Amino acid sequence: MFNLPQLEYDYDALEPYIDAKTMEIHHSKHHQTYVNNLNAAMESIKELDIEFYKKISKIAKKDELAAAEYLVSHLENVPEKVRTAVRNNAGGHLNHSLFWKVLKPAEDDNALSANLLKKISADQGDLVEIKETFNAMALANFGSGWTWLVFDKKNDKFEIVNGPNQDSPLGAGLIPVFGIDVWEHAYYLKYQNRRAEYVDAFWEVLNFKQAEKLFDERLNS
């Protein structure tokens, strides 16, 4: 039901900021494992609740990431036996699928539009302040998890938040603009315990334009 998305660039395309070996392992091993485990969980759901399984299958036929999002947004409907597995692995699939899309080789002309930056700045300050807050949150994110710039549609507010493990902001009703994976497997080969250097390097390969495009699509869907 779920598949590993192909990258739109080569594993070495983010050098020297994120090394090719890390990208290869992160994408083809770690993300693939989340996909495999999510598919296994779906087989269990098929046995435990065939109607819920059919519902997810129907969504997945149109948009598999929408199916994963439905799962993390309706965990209370997932059979308890596999609820944790679905939370972890559907979240991991969603988080990584977005992460790959908002990374890109460094290039010019990659700024957020003035319109979106103005909206974010109303809540988080200018781009320098956004980076400072985001980096501080990423460094303070204890253990394994993600740091996100999100939009809380209910409160009409942009926020920078931390999430543990593979929890997806979509499961909390938040719309991600972009996020950074701060699990050690995302940076340890190149940066070892120097998470701060990895977080700084992230901004060099963050595709602002793609992040904004994906955000606008989700906001208006």
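Residues numbered from 1 in each chain as written. Predicted model: local features only at pLDDT ≥ 70, side-chain atom pairs only at ≥ 80, totals over all residues. Heavy atoms only, no water.

**Focus on the overall build of the protein**
For the record, the criterion: Secondary structure elements follow DSSP: runs of H or I of four or more residues count as helices, runs of E of two or more count as strands, with numbering from the N terminus. Taken over C-alpha atoms, the radius of gyration is set against a globule rule of 2.2 Å times the number of residues to the power 0.38. In what follows, a contact means two residues having at least one pair of non-hydrogen atoms within 4.5 Å. All accessible areas in this document rest on Shrake-Rupley with a 1.4 Å probe, and a residue is counted as covered only by the protein chains that are shown. Counted as positive: Lys and Arg. Counted as negative: Asp and Glu, with His and the chain ends omitted from the count. To locate a charge, take NZ of a lysine, CZ of an arginine, CG of an aspartate or CD of a glutamate.
The helix and strand tally for the protein stands at 9 helices and 3 strands. Ordered by position from N to C terminus, the α and β elements of the protein give α-α-α-α-α-α-β-β-β-α-α-α. What you see for the protein is a C-alpha radius of gyration of 17 Å, in line with the 17 Å of a compact globule of 221 residues. Projected onto the principal axes, the alpha-carbon positions of the protein cover approximately 50 × 40 × 30 Å. In the protein, 70% of the contacts between residues at least 6 apart in sequence involve partners at least 24 apart. Only carbon and sulfur atoms are counted for the fraction: they give 49% of the accessible area of the protein, which is about 11100 Å². When the 25 positive and 34 negative side-chain charges of the protein are each reduced to one mean point, those points stand 6 Å apart.

**Comments concerning the environment of Ala 140**
Going by this rule: Accessibility here uses a 1.4 Å probe with only protein chains present; expressed as a share of the type maximum, an area under 20% marks a residue as buried, one over 50% as exposed, and anything in between as partly exposed.
Within the element layout of this structure, Ala 140 appears in helix α6 (residues 127-140). Judged by relative accessible area, which is 53%, Ala 140 ranks as exposed.

**A short note on the packing of aromatic side chains**
In plain terms, the rule: Two rings from Phe, Tyr or Trp (for Trp, the six-membered ring) form a pair when their centres are within 6.5 Å of each other. A pair whose planes differ by under 30 degrees is stacked, one over 60 is edge-to-face, and the rest are tilted.
On inspection of all chains with the given rule, the structure shows 18 aromatic pairs. Ring centres of Phe 99 and Phe 202 lie 6.5 Å apart, and the angle between their planes is 15 degrees; on these two criteria the pair is classed as stacked. Within this pair, whereas Phe 99 is found in helix α4 (residues 80-101), its partner Phe 202 is found in helix α8 (residues 195-202), the two being separated by 103 residues in sequence. Using a relative accessible area of 3% as the deciding quantity, one classes Phe 99 as buried. When its relative accessible area of 1% is taken as the criterion, Phe 202 is described as buried. For the pair Phe 158 and Phe 215, a centre-to-centre distance of 5.8 Å together with 50 degrees between the ring planes defines the contact as tilted.

**Looking at the sheet that holds strand β2 (residues 157-164)**
Under the convention used in this document: By definition, two strands form a pair when at least two bridges between them are found by DSSP. To get an axis, fit a line to the C-alpha atoms, keeping to the stretch in contact for a helix; angles then go from 0 to 180 degrees between the N-to-C directions.
Ordered in space as β2-β1-β3, the 3 strands form an open sheet in which the pairing is antiparallel. With one partner strand each, in any of the chains shown, β2 and β3 (175-181) form the two edges of the open sheet. With strand direction ignored, the average angle separating the axes of adjacent strands in the sheet is 20 degrees. This element, helix α9 (residues 208-219), spans β1 (145-152), β2 and β3 of the sheet and lies at about 140 degrees to β3.

**A word on the side chain of His 185**
Rules: Throughout this description, a polar contact denotes any pair of N or O atoms lying within 3.5 Å of each other; where both atoms belong to protein, one of them has to be capable of donating a hydrogen while the other can accept it, and for residues adjacent in sequence the pair is counted only when both atoms sit in side chains.
Its location among the elements puts His 185 in the loop between β3 and α7 (188-191). A distance of 3.4 Å separates polar atoms of two side chains, one belonging to His 185 and the other to His 26. Among residues more than four places away in sequence, those in contact with His 185 are Thr 22, His 26, His 30, Tyr 34 and His 96.

**Some thoughts on the nonpolar core**
The following threshold applies: Throughout this description, the term nonpolar core refers to a set of buried Ala, Val, Leu, Ile, Met, Phe, Trp, Tyr and Cys residues connected via side-chain atoms within 4.5 Å.
One finds Leu 103, Phe 178, Ile 180, Tyr 198 and Phe 202 to be the most contacted residues of the largest nonpolar core, which totals 46 residues. Looking at which element gives the most residues to this core, the answer is β1, with 5 residues. The contact partners of Tyr 198, leaving out residues within four places of it in the chain, are Ile 18, Phe 99, Ile 180, Asp 181, Ala 186, Tyr 187 and Tyr 191. Phe 52, Ile 56, Ala 90 and Leu 170 belong to the second largest nonpolar core, which has 22 residues in total.

On their own, these measurements won't tell you what the molecule is for.
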